[in-house]
Amino acid sequence: MPAGPMHAHEVPLDDALVRRLLATRFPQWAELPLKRVASAGTVNALYRLGDDMVVRLPRIAAGADDVVKEGMWLPRLAPRLPVPVPEVLAVGPPGEDYPWSWGVLRWLEGELPAVGALDDAEQLAVDLGRFVAAMRDVELPGGPLAYRGGPPATVDAETRTAIAALHGTVDTTAATAAWEAALAQPPWTGPPVWVHSDLMPMNLLVQQGRLSAVLDFATVGTGDPACDLIPAWNLLPASARPAFRDAAGADDATWARGRGWALSMALVQLPYYRTTNPVIAANAEHVIREVLAEL
């Protein structure tokens, strides 16, 4: 897990700061046991609070509005989804030398799925596909644009810059061809649908091989459903991808755009997190191998 800062301008966090924030805003919880949670998350730090809560604090300005957004949308999304999602119990204001809003959420039990060591990849694939389909079928007006809700072309420049930075590290010719194949796909022409848009392994929990919860809805919103297909390459083995695709109900073009999103994310992550977040970097390398092996 990351041992130090991953970003420039990252706010330093420690137990004492979290205790001061709790004491000021939620004194009823200030004396509960508190322990930092080891996490490969890139935006938020987590502290388990007591037995059934977790404090989540943005590490960088990009996460400043996450808990407010989740507090707005998760109560409406939760009843429509097949597995538990975070419940925001309270939102704390900036203070005590901490510049942003932060949240206290319900603790969700489960383990992170391990790439290459899934107990039942086929069943997990079906569970994930059903979650993606349930998100897509939510009828909830007024949703924000999802972080990755547009076409892959919206990150073309960023992706090509990352490919250039990886010259000599990955097969950049094959990566460019794979990326251009995704860009060539027909765009989504249906109405915007609800998507999580960040279904990385560290945002999923499993119990006895089954999907037990989905975490971190900071990127949630509406748009092209392709971005929610990334678990096909960042988590599931090739043998389980058909089950995931069938359960998610993805057509050929959406599937190809989803593969492009998985590739783009991995290409951008690898040079950025190579030395600061070995978990993310290793997953990025895995995704690149899996995508290029298919094409």
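Residues numbered from 1 in each chain as written. Predicted model: local features only at pLDDT ≥ 70, side-chain atom pairs only at ≥ 80, totals over all residues. Heavy atoms only, no water.

Some remarks on unusual backbone geometry
Defined as follows: Think of it this way: any DSSP run of H or I at least four residues long counts as a helix, any run of E at least two long counts as a strand, and we number them from the N terminus. When a residue's accessible area, from a 1.4 Å probe over protein chains only, is under 20% of the maximum for its type it is buried; when over 50% it is exposed; and in between it is partly exposed.
If you check the backbone angles, E96 has positive phi at about 55 degrees while not being a glycine. Secondary-structure assignment places E96 in the loop between β4 (88-92) and β5 (102-106). Judged by relative accessible area, which is 33%, E96 ranks as partly exposed. Despite not being glycine, D216 shows a phi value in the positive range, around 50 degrees.

Thoughts on the sheet that holds strand β3 (residues 53-58)
The line we're drawing: Strand pairing is assigned whenever DSSP detects at least two bridges linking the two strands. Each axis is a line fitted through C-alpha atoms, taken for helices only over the stretch in contact, and angles between the N-to-C directions span 0 to 180 degrees. When checking whether two residues touch, look at their non-hydrogen atoms; a contact exists if any pair is within 4.5 Å.
On the basis of which strands lie adjacent, the open sheet formed by five strands has the order β1-β2-β3-β5-β4 and antiparallel pairing. Each edge of the open sheet carries a strand with a single partner, namely β1 (34-36) and β4. Pairs of neighbouring strands in the sheet enclose a mean axial angle of 25 degrees, with direction left out of account. Helix α2 (residues 66-77) rests against β2 (44-49), β3, β4 and β5 of the sheet, and its axis sits at about 145 degrees to β4.

A few points about the pattern of salt bridges
Heads up, the rule is: Basic side-chain nitrogens of Lys or Arg form a salt bridge, by our definition, when they fall within 4 Å of a carboxyl oxygen of Asp or Glu.
A complete count under the given rule lists 18 salt bridges for this structure. The partner of D156 in a salt bridge is R160, and the shortest N-O contact between them spans 2.8 Å. Taken together, the residues span about one helical turn, with D156 and R160 both in helix α4 (residues 156-165) at a distance of four residues. The exposure class of D156 is partly exposed, given its relative accessible area of 22%.

Here we look at helix α7 (residues 241-248)
What counts, and what does not: The arc in question is the one spanned by the directions pointing from the helix axis to the C-beta atoms.
When α7 is considered as a whole, its buried residues turn out to be R241, A243, F244 and A248. Down the axis of α7, the sector holding all buried residues measures 160 degrees, keeping them to one side. Tucked into the core, α7 has its buried residues touching α3 (121-137), α6 (231-234), α8 (252-273) and α9 (278-294). Downstream of α7 by a residue or two, G249 has a phi angle that is positive, lying close to 70 degrees.

Quick word on the side chain of N203
By the element assignment, N203 lies in the loop between β6 (193-195) and β7 (204-207). For N203, the contacting residues outside a window of four places in its chain are H196, D198, A213, V214, L215 and D216.

Description of the pairing of β5
For β5, the tally of buried residues reaches four of five residues, placing the bulk of the element in the interior. Pairing analysis gives four bridges linking β4 to β5, with the strands arranged antiparallel. The partner of G92 across the bridge, within β5, is W102.

Looking at the packing of helix α5 (residues 172-183) against α8
To keep things clear, this is the line we draw: Roughly parallel here means an angle under 35 degrees, roughly antiparallel means over 145, roughly perpendicular means 65 to 115, and every remaining angle is called oblique. Here a crossing is taken to be left-handed if its near helix is turned anticlockwise relative to the far helix by less than a right angle, and right-handed if that turn runs clockwise. Three classes are used: nonpolar for Ala, Val, Leu, Ile, Met, Phe, Trp, Tyr, Cys and Pro, charged for Asp, Glu, Lys and Arg, and polar for all others, with Gly counted as polar.
The interhelical angle for the contact between α5 and α8, taken along N-to-C directions, is 140 degrees, at an axis separation of 8 Å. With respect to α8, the axis of α5 lies oblique. Of the two elements, α5 crosses α8, and the hand of that crossing is left-handed. Residues A175, A178, W179 and A182 of α5 form the contact with α8, whose participating residues are A256, R257, G260, L263, S264 and L267. Here the contact of α5 with α8 is built from residues that sort into seven nonpolar, two polar and one charged.

What to know about the packing of aromatic side chains
Which entries qualify depends on this criterion: Put simply, two rings from Phe, Tyr or Trp (the six-membered ring, in Trp's case) pair if the centres are within 6.5 Å, and we call them stacked under 30 degrees between planes, edge-to-face over 60, tilted for the rest.
For the structure shown, the criterion picks out eight aromatic pairs. With centroids separated by 5.6 Å and ring planes inclined at 75 degrees, the aromatic side chains of F26 and W102 adopt a geometry described as edge-to-face. Of this pair, F26 sits in the loop between α1 (15-25) and β1 while W102 is found in strand β5, placing the two residues 76 residues apart along the sequence. Assessed through its relative accessible area of 6%, F26 is described here as buried. What makes W102 buried here is its relative accessible area of 1%. With 4.7 Å between their ring centres and 80 degrees between their planes, Y272 and Y273 make a pair best called edge-to-face. An aromatic cluster is present here, built from F26, W29 and W102 joined pairwise through their rings.

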